[in-house]
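Chain residues, written in single-letter form:
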Number of protein chains: 2
Amino acid sequence: MTEQVTTGTLVTTGTDVTRMRELNALSIVRALRGNPPSTVTELATRTGLSRPGTDVIVQGLVADGWLTVVEPDGSSVVGRPARRYRFNAGAGHVLGVDVGAHKVLAMLADLDGTVASTSRLPVGPDADPAARLAVVDAAVDECLTAAGLSPDEIWAITVGVTGPVDASGRTTLFTPLPGWASVNPAEHLAARFSCPIQVENDCKLAALAERWQGAARDADDIVYVLAGMRTGAGLIIDGTLRRGYGGAAGEIGALRAVRWLTAPSHLENCASLPPGIDTDNAAAWVFNAARSGDKAARTAVRRYTRDLAVGTAALVLTLDPQVVILGGGFSRSADLILDHLARELARTCLRVPEIRASTLGAESVALGALRLALNEVDARLFGMGLSTPAAPRA
Amino acid sequence: MTEQVTTGTLVTTGTDVTRMRELNALSIVRALRGNPPSTVTELATRTGLSRPGTDVIVQGLVADGWLTVVEPDGSSVVGRPARRYRFNAGAGHVLGVDVGAHKVLAMLADLDGTVASTSRLPVGPDADPAARLAVVDAAVDECLTAAGLSPDEIWAITVGVTGPVDASGRTTLFTPLPGWASVNPAEHLAARFSCPIQVENDCKLAALAERWQGAARDADDIVYVLAGMRTGAGLIIDGTLRRGYGGAAGEIGALRAVRWLTAPSHLENCASLPPGIDTDNAAAWVFNAARSGDKAARTAVRRYTRDLAVGTAALVLTLDPQVVILGGGFSRSADLILDHLARELARTCLRVPEIRASTLGAESVALGALRLALNEVDARLFGMGLSTPAAPRA
């Protein structure tokens, strides 16, 4: 950890004991989060605080509910075994909601990001905003009930939607959902939840999820490509999700010249496609047929990938990322896409990044929503000092 | 200024008097840099330090050469007027060198970025690496001589080149200069200079310059487009110049689909172009003819701009910047380009940023090189504490 101090403040205010104790409490919580349960002695070593001082602060954090005691298992042979303490990840919870064209997926997790409950409810692609919001409410309710929590026990919510999200939390520039451009999902949820509520673009959230728990855990410079009947992108540069000045970063797909708008039509128009298969299932049929050696299907997949590669090359040449993650529904067929995509990028790009398939599948957007909600909680937790755990007000 | 402290360190080490004095010296230098000369009382107020403590540190900084005394002008009517102190920007100097196809431009500046000397020497586009490096040396020598400085008084150097710069400081992926891919300009200059030497891409440096002194001073999210017989881009996101994972960010122009590779050919192939005009002067002729109403020339400029807009739209849709800066040689004809470019972007982009012409012209790359060299100096100055001014060793 680096030390950055404002010298003037230090010299003129001196040591403020209350503030100091708060900062020391924070450093103990930091030292425990994401680590196995630890003894007071271990925590003192890890934080550089004195052992007696650490003990006092740890007991205070236990009383406030931030830490829980892990009783020794009695297997120690010499003397009294030491108690261990763990961060009480259950002190608070967050919600992530993926509002898609065909489904709403809600997930509820504790402060460690461990998922406590999940609800996936179908919704029609033509559902009007009120109907879609009713499904959002139902999915959220299912999650809360399954976890035995009430709305006022949720500390942060993120809602994922398709299309660029403006400063007000609306998708006014573009959305494929009927009537949805004027909907403010945060405002809708704020009627029942008093915690901070964010709305974010689905591709951006999926990118966050891949860096958190998926295929890009080792990377700071990531181009995430959501490949499906719609193609989109989420960009992480220098470890930070990039929204753009007006929330519209990653929308390269809107440019006709890079062919993402028309790429999926190669699959829909595959010559060997049997009659009667609807748009939603055509792509899956073509990928399966290609895997079985169907010649027209293989051609369709090759043409799709060639067009997918143009927009991907535009992103790679612009940003020079460490890794490209192929996600979205079509990433289930990454075995048919990745090699050809890599060859196309090698042909067109100056420096070719690693290309990997998503490992999170259909849950990536909701998981990314959980991650963004946890980021919100962390910013409050580590930015303001620790009081007794309680849901923050928006 | 925000306060970030490592609590453990604070508590266990307590107040380290020497380090504290050093940090206080830094905060006084910070308070003076870029500000008008100030009295000890003003500095004490600005830094939050005590007046006697400030006085002691200021006298130390004057003795070390970091500050100079500005004697009062005697116009005060009551009592003895107070001395003022200014940051001694002349304590060190930096060099910025733009190595182009047709010229080498070297600039030398003090620690405030005030240019002390400039040298612009021609070089043939077909010059081999040894010949080009000899011109670099000559331009640098002219700058040093004009400023009355020796190589060991230079604190940092940045060299700007065309093409993506890899970690070794070479343009191995691509360079239009004959034989230049294997040249390491930093290594060449290190034979005479012991300070840190960086090599950076010309478009990236021009972007830095526009944010420092040019058309993008108010922006943190900037797409800089270098428009000339070659088209390139430099990207600043969240206030930071983005290099990409391998130094190849901004190279969207390499993608045939976005038309930057062929855009200038509309100017070279203009039907009304008189015979005998060489490539280097064709574009200027066409822009002038278009300005005078020549129909074929106006068509050529319109076609050029339409193609320029495709790659620019790819950058805008990817990054959603606050502002696009049109720079490079063709920005002298921004009056013919900007409106049409804005219309094309409005047609293709979801959110259209402001579009502005560069105000720095042909000096933008060298100025950006100065800025990057100053950043290097600042990182050392504010990262390590102040000793007596001296050129750092690389």
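Residues numbered from 1 in each chain as written. Chains lettered and ligands numbered in written order. Predicted model: local features only at pLDDT ≥ 70, side-chain atom pairs only at ≥ 80, totals over all residues. Heavy atoms only, no water.

Taking an unreviewed UniProt entry as the reference, chain A is identified by name as Putative NBD/HSP70 family sugar kinase belonging to Thermocatellispora tengchongensis. Recorded in UniProt under Sequence similarities (unreviewed entry), the annotation for chain A is "Belongs to the ROK (NagC/XylR) family." (UniProt positions renumbered as here; feature names shortened; annotations may be inferred.)

A. Region of interest: the packing of aromatic side chains. Residues and elements named next belong to chain A. Evaluated as defined, the whole model comprises nine aromatic pairs over all chains. Measuring from ring centre to ring centre gives 6.0 Å for W66 and W155, while their planes differ by 75 degrees; the resulting arrangement is edge-to-face. Linking W66 in the loop between α4 (51–64) and β1 (67–70) with W155 in strand β6 (residues 154–161), this pair joins segments that are 89 residues apart in sequence. Judged by relative accessible area, W66 falls into the buried class, the value being 3%. The buried category is assigned to W155, whose relative accessible area is 4%. Residues F287 and Y304 carry aromatic rings whose centres are separated by 6.5 Å and whose planes lie at 85 degrees to one another, so their mutual orientation is edge-to-face. (Phe/Tyr/Trp six-rings, centres within 6.5 Å; stacked < 30°, edge-to-face > 60°. Helix = DSSP H or I, 4+ residues; strand = E, 2+ residues; numbered from the N terminus. Buried < 20%, exposed > 50% of the residue type's maximum accessible area, 1.4 Å probe, protein only.)

B. View of the sheet that holds strand β9 (residues 231–237) of chain B. Residues and elements named next belong to chain B. The five strands are arranged β10-β9-β8-β11-β12 in an open sheet whose pairing can be described as mixed. Edge strands, defined here as strands with exactly one partner in the open sheet, are β10 (240–241) and β12 (354–357). Sheet topology note: the strand β11 (residues 323–327)/β12 ladder contains four bridges and is parallel. In the sheet register, L326 faces β12, and the bridge partner there is A357. (Pairing = 2+ DSSP bridges.)

C. The arrangement of the sheet that holds strand β10 (residues 240–241) of chain A in detail. Residues and elements named next belong to chain A. In spatial order, the strands read β10-β9-β8-β11-β12; together these five strands make up an open sheet with mixed pairing. Each edge of the sheet is formed by a strand with only one pairing partner; in this case those strands are β10 and β12 (354–357). Of the pairings in the sheet, the one linking strand β9 (residues 231–237) to β10 comprises two bridges and is antiparallel in character. Across the sheet, the residue bridging to I237 is T240, located in β10. With respect to the sheet, helix α10 (residues 295–319) is in contact with β8 (222–227), β9 and β11 (323–327), its orientation differing from that of β8 by roughly 155 degrees. Where helix α11 (residues 334–348) meets the sheet, it contacts β11 and β12, and its direction lies at approximately 165 degrees from that of β12. (Contact = heavy atoms within 4.5 Å. Axes fitted to C-alpha atoms, helices over the stretch in contact; angles between N-to-C directions.)

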